[in-house]
Amino acid sequence: MVTLKAKIERTQNNYSAFIENIDGIVATGSTIDEIKTNLISALDEYIQTCEEMGLELPGELKGDYSIEFAMDVRNLLTIYEGVFTKSGLERITGINQKQLWHYANGTSTPRRAQVLKLEKALHRLGQELLSLHL
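We now turn to the structure provided with this report. All of these numbers come straight from a predicted model, not from anything done at the bench.

What counts and what doesn't
- Residue indices begin from 1 for each chain and proceed along its sequence in written order.
- Where totals are concerned, whole chains, interfaces and linings use all residues; where local detail is concerned, this predicted model gives features only for residues with pLDDT of at least 70, and gives and counts side-chain atom pairs only at 80 or more.
- The side-chain figures draw on all heavy atoms in the structure; neither hydrogens nor water molecules are used.
- DSSP-based pairing: two strands are paired if at least 2 bridges between them are found.
- Helix and strand definitions here come from DSSP, where helices need a minimum of 4 consecutive H or I residues and strands a minimum of 2 consecutive E residues; each element is numbered from the N-terminal end.
- For every element, the axis is a line fit to its C-alpha atoms; helices are fit only across the contacting stretch, and the angle between N-to-C directions ranges from 0 to 180 degrees.
- Contacts are assigned to residue pairs with any non-hydrogen atoms lying within 4.5 Å of each other.
- Residue count minus one, scaled by 1.5 Å, sets the expected span of a helix.
- We call a residue buried when its accessible area falls under 20% of the maximum for its residue type, exposed when it is over 50%, and partly exposed in between, using a 1.4 Å probe and counting protein chains only.
- As used here, the arc belongs to the directions running from the helix axis to the C-beta atoms.
- For our purposes a nonpolar core is just a set of buried Ala, Val, Leu, Ile, Met, Phe, Trp, Tyr and Cys residues, chained together by side-chain atoms within 4.5 Å.

## Observations concerning the sheet that holds strand β2 (residues 15–19)
- Pairing is mixed in the open sheet, where four strands are placed in the order β3-β2-β1-β4. The open sheet has two edge strands with one neighbour each: β3 (26–29) and β4 (65–70). This sheet shows a mean twist of 25° between the axes of neighbouring strands, independent of strand direction.
- Inspection of the sheet shows strand β1 (residues 2–10) paired to β4 by six bridges, in the parallel sense. Looking at the pairing, K7 lines up with A70 of β4.
- On the sheet, helix α1 (residues 32–53) packs against β1, β2, β3 and β4 and is oriented at approximately 150° with respect to β3.

## Overview of α1
- Over its 22 residues, α1 extends 31 Å from the first C-alpha to the last, a length consistent with the 32 Å expected when each residue adds 1.5 Å.
- Every buried residue of α1 is accounted for by I32, I35, L39, A42, L43, I47 and C50. One side of α1 holds all its buried residues, which, seen down the axis, span an arc of 130°. In α1, the exposed positions that point more than 90 degrees away from the buried face belong to D33, E45, E51 and E52.
- Buried residues belonging to α1 abut β1, β2, β3, β4 and α2 (73–79).
- Count one or two residues on from α1 and you reach G54, which has phi positive near 70°.

## A few points about the nonpolar core
- Counting 19 residues, the largest nonpolar core has I19, I25, L39 and L61 as its most contacted members.
- Broken down by secondary-structure element, the contributors of at least two residues to this core are β1, β2 and α1.
- Looking at this core, the element that brings in the most residues is α1, giving seven residues.
- Contacts of I25, omitting those with residues within four sequence positions, involve A17, F18, I19, L39, A42, L43, Y46 and L61.

Below you can see the structure in the form of structure tokens.
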């Protein structure tokens, strides 16, 4: 099974997403859930159009595939700035607020170790929240 990487980005008015390494599959939406749904629809339409027109499908789309949605740290911090404060992120990640500010504003790009630290902390928080019942 092939894993297709879909990159989500924040634009001025909404979100956009595209499949890496396959030209022509893009989508927009006003929420993360909407962008995921729209990108899956765009992918389905792309495959259907290729089949109807007798065009060669990219190799990644010929068999089974899954889609992995991703975004860079800058987009993550921008999209969720109303949800996560820099001090809150500092507490769960150990990355200081000033450095997070630089990542969010694009004045600095995090090293891979910092990206993984942030990702693991957010996944831990998500798992913790999923285990709670109110």
